[in-house]
Amino acid sequence: FNLTVTGVRIITDVAGSSGSTEIDIKFSRSGGAYTSIFSTKPLISYTAGNDAASTNAVLNATYVDLQTGDIIRLDITGVQTAGKNFIVRIDYVKT
């Protein structure tokens, strides 16, 4: 089914001792190049503590409408030192 991504956040389990966890979500349509859905990627600093959620992600409105057959990829572009476990939550509406 087709969908529109409406929000993305990272939720940490155990915060690390330094650094930040950052992700990028990219999609490919018809075998083409991968394109990020973000203008600003979600990032969460170790200073946010345990069980914290990122709040800074900015979606690029041009790239949030995904179609049946698109390939979605998660890139982990940064990690907290000694952090443990995180969840990526993707909010969407079916279109």
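The sections below set out a description of the structure shown in this document. Because the structure is a prediction, the values reported are computed rather than measured.

Moving on to the packing of aromatic side chains. On inspection of all chains with the given rule, the structure shows two aromatic pairs. Judged by centre distance (6.3 Å) and plane angle (50°), the rings of Phe27 and Tyr63 are tilted. Here the residue Phe27 occupies a position in strand 2 (residues 20-28), and Tyr63 occupies one in the loop between strand 6 (58-59) and strand 7 (65-66), the gap between them amounting to 36 residues. Taking the relative accessible area as the measure of exposure, Phe27 reaches 8% and is therefore buried. Taking the ring centre of Tyr34 as reference, the NZ or CZ of Arg73 above it sits at 4.3 Å.

With that out of the way, let us pick up the pattern of salt bridges. On inspection of all chains with the given rule, the structure shows six salt bridges. Residue Arg9 pairs with Asp91 through a salt bridge whose shortest N-O separation is 3.2 Å. You can see Arg9 sitting in strand 1 (residues 3-14) and its partner Asp91 sitting in strand 9 (residues 84-94), a full 82 residues away along the chain. In this structure, Asp91 engages Arg89 in a salt bridge whose closest nitrogen and oxygen atoms are separated by 2.6 Å. The buried category is assigned to Asp91, whose relative accessible area is 18%. For Arg89, a relative accessible area of 43% corresponds to the partly exposed category.

With eight of nine residues buried, strand 2 is to be regarded as a mostly interior element. When strand 2 meets strand 8 (residues 71-78), the two strands line up antiparallel, connected through seven bridges. Within strand 8, the residue paired with Ile25 across the bridge is Leu74. Here two bridges tie strand 2 to strand 3 (residues 35-36), and the two strands are oriented antiparallel to one another. The residue bridging Phe27 from the neighbouring strand is Thr35, located in strand 3.

Once that is clear, we can look at the sheet that holds strand 1. An order of 7-1-9 is seen for the three strands of this open sheet, with the pairing classed as antiparallel. The open sheet has two edge strands, strand 7 and strand 9, and neither has a second partner. As judged from the ten bridges shared by strand 1 and strand 9, these two strands associate in the antiparallel manner. Of the residues in strand 9, the one forming a bridge with Ile10 is Val88.

Turning to its location among the elements, Tyr46 is positioned in the loop between strand 5 (43-45) and strand 6. Tyr46 sits in the partly exposed class, given a relative accessible area of 33%. Remark: the alpha-carbon pair of Tyr46 and Thr4, spanning 42 residues in sequence, is separated by 30 Å. Beyond its immediate sequence surroundings of up to four residues, Tyr46 is in contact with Ala15, Gly16, Ser17, Ser18, Gly19 and Gln80.

Each value, and the rule that gives it
Residues numbered from 1 in each chain as written. Predicted model: local features only at pLDDT ≥ 70, side-chain atom pairs only at ≥ 80, totals over all residues. Heavy atoms only, no water. Phe/Tyr/Trp six-rings, centres within 6.5 Å; stacked < 30°, edge-to-face > 60°. Helix = DSSP H or I, 4+ residues; strand = E, 2+ residues; numbered from the N terminus. Buried < 20%, exposed > 50% of the residue type's maximum accessible area, 1.4 Å probe, protein only. Lys NZ or Arg CZ within 6 Å of the ring centre and 35° of its normal. Salt bridge = Lys/Arg side-chain N within 4 Å of Asp/Glu carboxyl O. Pairing = 2+ DSSP bridges. Contact = heavy atoms within 4.5 Å.

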